[in-house]
Amino acid sequence: MLSDSKIRKLKPSEKCTPSRPDKYSDQYGLQLLVRSTGTKTWISAYRFDNKQTRMTLGTYPIMSLSEARQANTEIKALLADGIDPKNKKRQDKLANIHAQKFNDYALEWLAERQRNVKPRTYQQDYNRMHKDVLPHFEGIALKDVSFEDCRSMADEIEKRVNKDGEPPREVTRRTIDLVANVLRRAKRERIIDQNPIDDLKALYPKAKSQHMKHVDIHELPALLQAIEAIMVMIKPV
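Quick look at the structure, then. (Residues numbered from 1 in each chain as written. Predicted model: local features only at pLDDT ≥ 70, side-chain atom pairs only at ≥ 80, totals over all residues. Heavy atoms only, no water.)

### With respect to the packing of aromatic side chains
Considering all chains together, one arrives at three aromatic pairs under this definition. Relative to tyrosine 60, the ring of tryptophan 42 lies with its centre 6.3 Å away and its plane at 75 degrees, an arrangement referred to as edge-to-face. Of this pair, tryptophan 42 sits in strand β3 (residues 40-48) while tyrosine 60 sits in strand β4 (residues 51-60), and the two are 18 residues apart along the sequence. By the burial criterion, tryptophan 42 is buried, and tyrosine 60 matches it. Seen in terms of ring centroids, phenylalanine 102 and phenylalanine 137 are 4.6 Å apart; in terms of plane orientation they differ by 35 degrees. Their pairing is tilted. Of this pair, phenylalanine 102 sits in helix α4 (residues 102-114) while phenylalanine 137 is found in the loop between α5 (119-133) and α6 (147-158), placing the two residues 35 residues apart along the sequence. The pair formed by phenylalanine 102 and phenylalanine 137 is uniform in burial state, with each residue classed as buried. (Phe/Tyr/Trp six-rings, centres within 6.5 Å; stacked < 30°, edge-to-face > 60°. Helix = DSSP H or I, 4+ residues; strand = E, 2+ residues; numbered from the N terminus. Buried < 20%, exposed > 50% of the residue type's maximum accessible area, 1.4 Å probe, protein only.)

### Focus: a positive patch on the surface
Judged by side-chain charge, Arg20, Lys23, Arg35, Arg54, Lys86 and Lys89 come together as a positively charged surface patch. Structurally, lysine 23 is set in strand β1 (residues 22-25). (Patch = residues over 30% accessible without salt bridge, like charges linked within 9 Å, V, L, I, M, F, W, Y side chains within 5 Å. Areas by Shrake-Rupley, 256 points an atom, 1.4 Å probe, with all protein chains shown as cover. Salt bridge = Lys/Arg side-chain N within 4 Å of Asp/Glu carboxyl O. Lys, Arg positive; Asp, Glu negative; His and termini not counted. Charge placed at Lys NZ, Arg CZ, Asp CG, Glu CD.)

### Observations concerning a nonpolar patch on the surface
A cluster of nonpolar side chains, namely Leu224, Ile227 and Met231, defines an oily patch on the protein surface of about 290 Å² accessible area. Summarising the element assignment, leucine 224 is placed in helix α8 (residues 220-234). Assessed through its relative accessible area of 48%, leucine 224 is described here as partly exposed.

### Re the packing of α4 against helix α7 (residues 169-188)
One way to put it is that α4 packs onto α7 with a least axis distance of 10 Å and a crossing angle of 95 degrees. When the axes of α4 and α7 are compared, the pair comes out roughly perpendicular. Together, Phe102, Tyr105, Ala106, Glu108, Trp109 and Glu112 of α4 and Leu178, Val179, Asn181, Val182, Leu183, Arg185 and Ala186 of α7 make up the contact between the two elements. The residue inventory of the contact of α4 with α7, partitioned by class, reads nine nonpolar, one polar and three charged. (Axes fitted to C-alpha atoms, helices over the stretch in contact; angles between N-to-C directions. Parallel < 35°, antiparallel > 145°, perpendicular 65-115°, else oblique. Contact = heavy atoms within 4.5 Å. Nonpolar A, V, L, I, M, F, W, Y, C, P; charged D, E, K, R; others polar.)

### A short note on the nonpolar core
Counting 28 residues, the largest nonpolar core has Phe102, Met129, Phe137 and Val179 as the members making the most contacts within it. Those elements that place two or more of their residues in this core are α4, α5, α6 and α7. Broken down by element, the residue count for this core peaks at seven residues, all from α7. Apart from the residues lying within four places of it in its own chain, the contact partners of phenylalanine 102 are Val133, Phe137, Ile140, Ala141, Leu142, Val145, Val179, Val182 and Leu183. (Core = buried A, V, L, I, M, F, W, Y, C linked by side-chain atoms within 4.5 Å.)

### Remarks on the sheet that holds strand β2 (residues 30-34)
Taken in spatial order, the four strands line up as β1-β2-β3-β4 in an open sheet, and their pairing is antiparallel. The open sheet terminates on both sides in strands that have one partner only, identified here as β1 and β4. Along the sheet, successive strands turn relative to each other by an average axial angle of 30 degrees, direction set aside. The pairing of β1 with β2 spans four bridges and is antiparallel. When the bridges of β2 are listed, serine 25 appears paired with glutamine 31. Across the face of the sheet, helix α2 (residues 65-80) comes into contact with β2, β3 and β4 while running at roughly 15 degrees to β3. (Pairing = 2+ DSSP bridges.)

### Some thoughts on the environment of arginine 173
Of note, arginine 173 is situated in helix α7. You can call arginine 173 buried: its relative accessible area is 14%. The sequence separation of arginine 173 and leucine 203 amounts to 30 residues, and the corresponding C-alpha distance is 9.6 Å.

### Side note on the pairing of β3
Where burial is concerned, most of β3 is hidden: seven out of the nine residues are buried. Taken together, the five bridges between β2 and β3 define a ladder with antiparallel strand orientation. Among the inter-strand pairings, glutamine 31 is bridged to a residue of β3, identified as isoleucine 43. Hairpin connection between β2 and β3: a loop of five residues separates the two successive antiparallel strands, and glycine 38 in this loop has a positive phi of roughly 100 degrees. Bridge count for β3 against β4 is nine bridges, and the pairing is antiparallel. Following the sheet pairing, alanine 45 is matched in β4 by arginine 54.

Next up, the structure:
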């Protein structure tokens, strides 16, 4: 059996290679691999469906000897119930993904974005995220985000009309982009099957630009004369 004092002293032997690490056995199929880099990895070796296999548990000292033994005991309990530990691990991971909240994932995306954009851009995204996105998606699982959820968020932003009685259309569109980028990342990572709001921004087209009245070419000489006359009048004595 292994002990903490023995494990701390273990170093790669002369026979240790990248493809053949040193192997030390504890009990009940628990093994410790010492690699040529010095990394120490816990392995649970077991037989399931008449096939010998093994599962990586963690690395020492992040996973202590007692923790590795406990993890190995749990694997043996699954085997006793006829459950493949590797399938159970995949199922647990899938369950965690399904339970993941949109807001938690969005904040992960935002932290990643901070490393890739200018401070001003990040601050704008941060403000929009905390003002309009996170409050609206509170408690909603990432996999459950719908077109209707996002449209409701956009409609709430549109209610904040400006002094001319117009909705803040550019803010609406940029906030939709923010949510869409989070969902695109989730799709790339295969957490969701599709981005439910790919077409949402089309419902909020850009506001028409208000152009200043232009001067006709024939009116230009008179305009210049008027400007010159004003300049003469205001010229200091």
